[in-house]
Amino acid sequence: MGVYFKDMRMPENCFRCPAHEWYDFGGKDHGYKCAAMVVGNPQYGKVISNCDARMRRMEHCPAMPADDHGRLVDADKLSFAMMDCRSGDEALCVLDEAPTVIPEERCQDT
């Protein structure tokens, strides 16, 4: 399971990522933490410095770029629905009627 941010470019560092959170526990215990990495993964609850957050992405960053794509469908549900097709035409109808999970997205250079 994951999250998809429509029209968002891949952040080049933690500071530019919407998942970063600032923590300040007083003294030297302050910095950025990745909310996306902490959920279900307490071992990744590492705090990185302000400087590191502005210079790079954390190791094991869960964010990944999504290239240009057509509409995305649930292939498992689609393959199950296509098992009953008797012809190529029926299979195309099932494919056309498959619910879209994520709409088509193409890069728009500005």
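About the criteria used
Residues numbered from 1 in each chain as written. Predicted model: local features only at pLDDT ≥ 70, side-chain atom pairs only at ≥ 80, totals over all residues. Heavy atoms only, no water. Axes fitted to C-alpha atoms, helices over the stretch in contact; angles between N-to-C directions. Helix = DSSP H or I, 4+ residues; strand = E, 2+ residues; numbered from the N terminus. Parallel < 35°, antiparallel > 145°, perpendicular 65-115°, else oblique. Left-handed = near helix turned anticlockwise from the far one by under 90°. Contact = heavy atoms within 4.5 Å. Nonpolar A, V, L, I, M, F, W, Y, C, P; charged D, E, K, R; others polar. pLDDT = per-residue confidence, 0-100. Salt bridge = Lys/Arg side-chain N within 4 Å of Asp/Glu carboxyl O. Buried < 20%, exposed > 50% of the residue type's maximum accessible area, 1.4 Å probe, protein only.

Notes on the packing of helix α3 (residues 75–82) against helix α4 (residues 88–97)
Right, on to step 1. One can describe the packing of α3 onto α4 by two numbers: an axis separation of 10 Å at closest approach and a directional angle of 150°. With respect to their mutual orientation, α3 and α4 come out roughly antiparallel. For the pair α3 and α4, the sense of crossing is right-handed. Facing L78, A81 and M82 of α3, the residues of α4 in contact are A91, V94 and L95.
Right, on to step 2. For the contact of α3 with α4, a count of residues per class yields six nonpolar, no polar and no charged.

Details of the confidence of the model for the chain
Right, on to step 1. In this model, the chain carries a mean pLDDT of 80, and residues with pLDDT of at least 70 account for 86%.
Right, on to step 2. Mean pLDDT values for the elements of the chain range from 74 in helix α1 (residues 35–38) up to 88 in helix α2 (residues 50–55).

Quick look at the pattern of salt bridges
Right, on to step 1. For the coordinates displayed, the defined rule picks out two salt bridges.
Right, on to step 2. Of the charged contacts, one joins E12 and R16 as a salt bridge, the two residues approaching to 3.7 Å between their closest N and O atoms. By the burial criterion, E12 is exposed, and R16 matches it.
Right, on to step 3. In this structure, the salt-bridge partner of R56 is D52, at a minimum N-O distance of 3.5 Å.
Right, on to step 4. Accessibility expressed as a relative area gives 32% for R56, which makes it partly exposed.

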